[in-house]
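Results of the structural survey
What follows is the residue order along each chain.
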Amino acid sequence: MTVTPDALTARLTSTAHPGPAAANCPCPTGLLADRPDATVLRHGDTVAKAHAPGTDPEALVRRLTVAARLPDVLLAPLWTTPETVDGRLVTYWPHGTPVDRDDPDAAPWEAAATLLARLHRAPLETRLPPMRGPAKAAAAIARLKKSPKALSRSDAAPVLDAWAALPGWARGEEPAPGVPALCHGDLHLGQLVRRPAPDGGWRLIDVDDLGTGIPAWDLARPAAWYACGLLPPEEWTRFLDAYRAAGGPAVPPDGDPWPVLDVPARALTVQTAALALTKALAAGRSPDEVEQAVVDACARMTASAR
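Residues numbered from 1 in each chain as written. Predicted model: local features only at pLDDT ≥ 70, side-chain atom pairs only at ≥ 80, totals over all residues. Heavy atoms only, no water.

1. Things to note about the overall build of the protein
Put simply, the rule reads: In this text, helices come from DSSP runs of H or I with a minimum length of four residues, and strands from runs of E with a minimum of two, each type numbered from the N-terminal end. Only protein chains enter the area calculation, which uses a 1.4 Å probe; residues under 20% of their type maximum are buried, those over 50% are exposed, and those in between are partly exposed. By the convention used here, residues are in contact when the closest approach between their heavy atoms is within 4.5 Å. Note on areas: Shrake-Rupley with a 1.4 Å probe; residue coverage comes only from the protein chains shown. The sign given to each residue is positive for Lys and Arg and negative for Asp and Glu; His and the chain ends receive no count. A charged residue contributes its charge at one atom only: NZ of Lys, CZ of Arg, CG of Asp or CD of Glu.
Broken down by element type, the protein carries 10 helices and 10 strands. Dimensions of the protein, computed from C-alpha atoms along their principal axes, come out at roughly 70 × 45 × 40 Å. Of all 306 residues assigned to the protein, the portion counted as buried reaches 47%. For the protein, the proportion of contacts with a sequence separation of at least 24, taken over those separated by at least 6, is 69%. Entry remark: accessible area of the protein is about 14500 Å², with carbon and sulfur atoms responsible for 56%. For the protein, the centre of its 31 positive side-chain charges and the centre of its 35 negative side-chain charges are spaced 4 Å apart.

Printed below as a string of structure tokens:
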């Protein structure tokens, strides 16, 4: 079910400026994202997000409530009750400045790690749904399997073999081991925004995958990038050291973190590779250098397991 940008724009404008002021508002409205799983618009300092079709409204309310309860960690929604526009659940948020993709040297790795540590130490909500990280990885593999062209590629087999070698919990088939924590579920630098004063500072955004689970999953994407050679060692060290300094419980306070991170990092590598293959084929092209790096990593994973 697709939400029309015009319908969302009209609702966003009237939400940002209740009453007659909406008709003559000079604030520009910009499309921030338009994907099958989300449409995001900005109007002035207000952002509207249309969530994926089929989103569980009760689970979304629980996740919004957690974000409102942790405003120093998660960007707090303007309201914890979503509304429906064109059959899609829509939530409203204050605007924040995203990470500058053109300035990788300014990437806020320390801020991301510190926010994660605070999130992982937060008290658990007893009725919060499971973190959706493993389920999203499984969905990426299901999408790959549905593409005959993707499956016909020689590099699809190592991706599927690497997936099959993962334990059931990493494929979303059974509960994760260990003590559960409050997890983001889809951590990357695109999930941070900076708010202006007086409540300035970085915040985590996107609560769609928020829930209980193994906290190492939230460290898995930067760990996987580092293992694939896509994240420089010094940046990985900055991230890991900051997480440990903030008391993050996902890894031991010192020593080798890889016994904990290995399985989640492998799972994120496989997920990224599956998405890379399907995305490249959908665009009628070969995988680019970054996409090929994660596909090649899956081949190395399967070769080392033999």
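2. Side note on the packing of aromatic side chains
Applicable threshold: Any two of the Phe, Tyr and Trp rings considered here, Trp counted by its six-membered ring, make a pair once their centres fall within 6.5 Å; the pair's planes then place it as stacked at under 30 degrees, edge-to-face at over 60, or tilted in between.
A full pass over the atoms with the stated rule returns seven aromatic pairs. Arranged with centres 5.7 Å apart and planes meeting at 10 degrees, the rings of Y226 and W236 form a pair that is stacked. On the criterion of sequence distance, the pair formed by Y226 in helix 7 (residues 217-227) and W236 in helix 8 (residues 233-245) is long-range, its members being 10 residues apart. Among the residues examined, W236 registers a relative accessible area of 4% and is labelled buried. Measuring from centroid to centroid gives 6.2 Å for Y226 and W258, while their planes differ by 25 degrees, and the two rings are stacked. In this pair, Y226 is assigned in helix 7 and W258 in helix 9 (residues 258-282), connecting sequence segments 32 residues apart. When its relative accessible area of 24% is taken as the criterion, W258 is described as partly exposed. Members of the aromatic cluster, each reached through a chain of ring pairs, are W109, Y226, W236, F239 and W258.

3. Observations concerning the pairing of strand 2 (residues 38-43)
Looking down a regular strand, the side chains alternate between one sheet face and the other. The following threshold applies: Pairs of strands are assigned from DSSP output, requiring at least two bridges between the strands.
Burial analysis of strand 2 places five of its six residues in the buried class, the great majority of the element. Relative to strand 2, strand 1 (residues 29-35) runs antiparallel, the two being bridged by six bridges. For G30, the partnering residue across the bridge sits in strand 2 and is R42. Between strand 1 and strand 2, which follow one another and run antiparallel, lie two residues.

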